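# Inside the fold
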Protein chains: 2
Amino acid sequence: MKTLPEAVTLDLSGSRFTVTYRLTGTHEEAQRMAQDICIEQTVEFPEDLLPSGFVARVTGRVESLMPLEAPDRFEAVISFADETTGYELPQLLNVIFGNISIKPGIRVEGLALSPRLLQHFRGPQFGQDGLRRRLNAFDRPLLSTALKPMGLSALELSELAYQFALGGIDIIKDDHGLADQPFAPWRERVLRCADAVARANAQTGGHSLYMPNLSAPAEGLLQRAHEAAKAGAGGLLVAPGLTGFDAVRALASAAGPGLPVMSHPAWLGSFVTHPDQGISHGALFGHIMRLAGADATVFPNYGGRFSFRREECLQIAQAATLPMGDVAPMFPAPGGGMTAERVADMLDTYGQDVIFLIGGGLFRDGGDVRRNSESMREALDTYRK
Amino acid sequence: MKTLPEAVTLDLSGSRFTVTYRLTGTHEEAQRMAQDICIEQTVEFPEDLLPSGFVARVTGRVESLMPLEAPDRFEAVISFADETTGYELPQLLNVIFGNISIKPGIRVEGLALSPRLLQHFRGPQFGQDGLRRRLNAFDRPLLSTALKPMGLSALELSELAYQFALGGIDIIKDDHGLADQPFAPWRERVLRCADAVARANAQTGGHSLYMPNLSAPAEGLLQRAHEAAKAGAGGLLVAPGLTGFDAVRALASAAGPGLPVMSHPAWLGSFVTHPDQGISHGALFGHIMRLAGADATVFPNYGGRFSFRREECLQIAQAATLPMGDVAPMFPAPGGGMTAERVADMLDTYGQDVIFLIGGGLFRDGGDVRRNSESMREALDTYRK
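The model shown is predicted, which means the values in this text are computed figures rather than measured ones. (Residues numbered from 1 in each chain as written. Chains lettered and ligands numbered in written order. Predicted model: local features only at pLDDT ≥ 70, side-chain atom pairs only at ≥ 80, totals over all residues. Heavy atoms only, no water.)

## Thoughts on the pairing of strand 6 (residues 171-174) of chain B
All names here are of chain B. Bridge count between strand 5 (residues 142-147) and strand 6: four bridges; the pairing is parallel. Residue serine 144 lies in a different strand from strand 6, and its bridge partner there is isoleucine 171. In this region the chain leaves strand 5, passes through helix 6 (residues 154-166) and returns to the parallel neighbour strand 6; the handedness of that crossover is right-handed. Across three bridges, strand 6 lies against strand 7 (residues 209-211) in parallel orientation. Looking at the pairing, lysine 173 lines up with methionine 211 of strand 7. Between the parallel pair strand 6 and strand 7, the chain is carried across by helix 7 (residues 186-204), and the sense of this crossover is right-handed. (Pairing = 2+ DSSP bridges. Helix = DSSP H or I, 4+ residues; strand = E, 2+ residues; numbered from the N terminus. Right-handed = clockwise from strand over helix to strand, strands pointing away.)

Dropping the structure here:
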């Protein structure tokens, strides 16, 4: 008795999205890999056993396969039916790179969603324009810093937040390692830091925002986000590697607290460390973060203590702002290695629509973070539009 | 004005957990990398600016650094204060491999949680014993298969589920690519498949379980899980790469529906594809999955269409069952490349406490999945304890 139907009629829209993969192997191997991706990411079934109609409609389709300049490297553009995603982010990511993440020599270079599929993704709630409005900062690059080191009390962290806000830092975020540790419990920290930044704003007339790090049990993530909003937080920092990308979408959705979201790259480095594996910098920290709904994407700047190269950072910045249906552009937020001396070079790379994330550097020169923050603002302001 | 305190007194327990890292570089470089991990994963702050007391208490500590047999490879054991984790899984993962995932030449080889920290992790709700009780199968390896291909209707998938259950497959799970697609909507699929397996059980006196794939918006994950339980599902399949690891913990917690959880490796391959980067097979698919609360961990078997080697699969199987405080052992669930001919070899590798996951193979030989399932059961039963 044969159990599978002989043929299947599916009512599909015909709308498809494409993923560009970099493949490593000979031309013949690359052809096989591309075919394999079409099957593995959809029906995951021996091709010779598929009922009639599946290959044409449900499986992926190789749209092109071109040699790249490097030897034994190919670029395959593969299209998938929109319906395979169920119009949900986790399954979209699963179609893009679920099972084949486990096969060597495949790297996601980019994606292009169909207009029909894009309609299901709201993307950033605020985007560049909305975040600038909240910060009342329209004609200059933005500055952000992190509250640290882990181990300070909530009171000590809030004193830092106060000084940073007095010094004119736009976005004062928790370090991504601040969770709910006994030395600075989450709720107390958020209340104190939000209050400190509000006091500084009242004093200076500024519009600094405090963004706590939303590290929380999965079932309590939205609740903590709403608590943060109630406490006066001006945004949220989230590491999608730890929470799942869909948590970003949920926070940016109607179920969330209506706060801007900054994404952090923690845990995700393994996707980009090998040039022939994983996901490209632009696709992961640019395209996918933005699709999920980040208003700003934090990533390690070139020339700092991490190993991203300038062109990889530029890829992220470009994916953060390229036209993408109705999805708003987000801010690239390069972190690390930023000094007053590098401002001109950085602006040359990123332009004005950028958030510079400066951490430990603001504690140098005697540790007066207010004065150091002011100096950095002044260094940037000389390059005002 | 200096903003940081001169010294900090922290009331820490003194209890620490350790992570073993494989480092790539010369001995001097490895020493620097190990020190860097201690800082980067905790205070993330210039060491020379830290207030007194931090280095000894809050930052990581290099417990040992030993050369490995391969040239320019070292093994560093680094301990961290339990408190740095806030006793929550996302932050524990963040301490283990957050920022340093972005630095090249670092691989997490293993972890050893302190008894004090382990108390905060319940692990699998059922474990091997509990799952065997649910399946009424005590003295033999278990069999699992996946409902597919994507594109079949909910009715067609449920007919397959029925035949698999009649054929004696213990765990009939959704393929991990079945989400909430229009051709087989989630709710209808779960209702139909759970019902089909229940009918087959009633007919045979068997105890097969149906486990739907829980791919859902983050804010609706627990709700879908409870719906599945209500519909008669016997467990849940979850891909922590897509949902976040903490979703597994939430599902296995008191907030979840009280169903066994199988984890799927989709999206996570990039962590293990490079021997000098990422996380070891055993730590990721074994230790961390189990800590999160998976009752069974699906991974690609050696000799199938993926590239895991036998020793890597064994590492996972070992981490699934090694003593770990009160945390129950989970089942390794190798998938792919399983045939009646390989049974002896597979049992030699994994022993009896294993779930063999067989997919497309059951559709061969004319496509009578019931008969093919029975044959596989018989092949295994000849090796009964």
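So that's the structure; there's more coming.
## As for the interface of chain B and chain A
On the side of chain A, 96 residues touch chain B, which itself brings 96 residues to the contact. Between chain B and chain A, roughly 8000 Å² of surface is buried when both sides are summed, and carbon and sulfur atoms account for 63% of that area. Three residues, Ile102(B), Met150(B) and Trp267(B), lead the burial of chain B against chain A; their summed loss comes to 11% of the area buried on that side. For the pair chain B and chain A, the interface holds eight salt bridges. With its nearest N and O atoms 3.0 Å apart, the salt bridge here joins Asp48(B) to Arg364(A). (Contact = heavy atoms within 4.5 Å. Buried area = accessible area lost by both parts, 1.4 Å probe. Salt bridge = Lys/Arg side-chain N within 4 Å of Asp/Glu carboxyl O.)

## Side note on the confidence of the model for chain A
Here chain A averages 95 in pLDDT, while 100% of its residues score no lower than 70. For this predicted complex, the interface score ipTM comes out at 0.97, while the overall pTM is 0.97. (pLDDT = per-residue confidence, 0-100.)

## Concerning the pattern of salt bridges
Residues and elements named next belong to chain B. Counting across every chain of the model gives 47 salt bridges over all chains. In this structure, the salt-bridge partner of arginine 187 is glutamate 227, at a minimum N-O distance of 3.3 Å. Here arginine 187, found in helix 7, pairs with glutamate 227, found in helix 8 (residues 221-231); they are 40 residues apart in sequence, far enough to count as distant. The exposure class of arginine 187 is exposed, given its relative accessible area of 52%. When the shortest N-O distance is used, the salt bridge between arginine 192 and glutamate 188 registers 2.8 Å. Here the residue arginine 192 and the residue glutamate 188 both occupy positions in helix 7, the gap between them amounting to four residues, near one helical turn. Under the relative-accessibility criterion, arginine 192 is labelled partly exposed at 35%. (Buried < 20%, exposed > 50% of the residue type's maximum accessible area, 1.4 Å probe, protein only.)

## Side note on the environment of Pro115(B)
Mapped onto the fold, Pro115(B) is located in helix 4 (residues 115-118). The exposure class of Pro115(B) is exposed, given its relative accessible area of 66%.

## A closer look at the relation of the copies chain B and chain A
The operation relating the two chain copies consists of a rotation about an axis and a shift along that axis. If you rotate chain B by 180° and push it 0.0 Å along the axis, it lands on chain A with an RMSD of 0.0 Å. Classification of the inter-copy transformation places it as that of a two-fold axis. Looking at the rotation axis and the C-alpha trace of chain B, the residue lying nearest is Gly244(B), at 2.1 Å. The share of interface residues of chain B whose copies in chain A are also at the interface is 100%, consistent with both copies meeting through the same surface. (Least-squares fit on C-alpha atoms with pLDDT ≥ 70 in both.)

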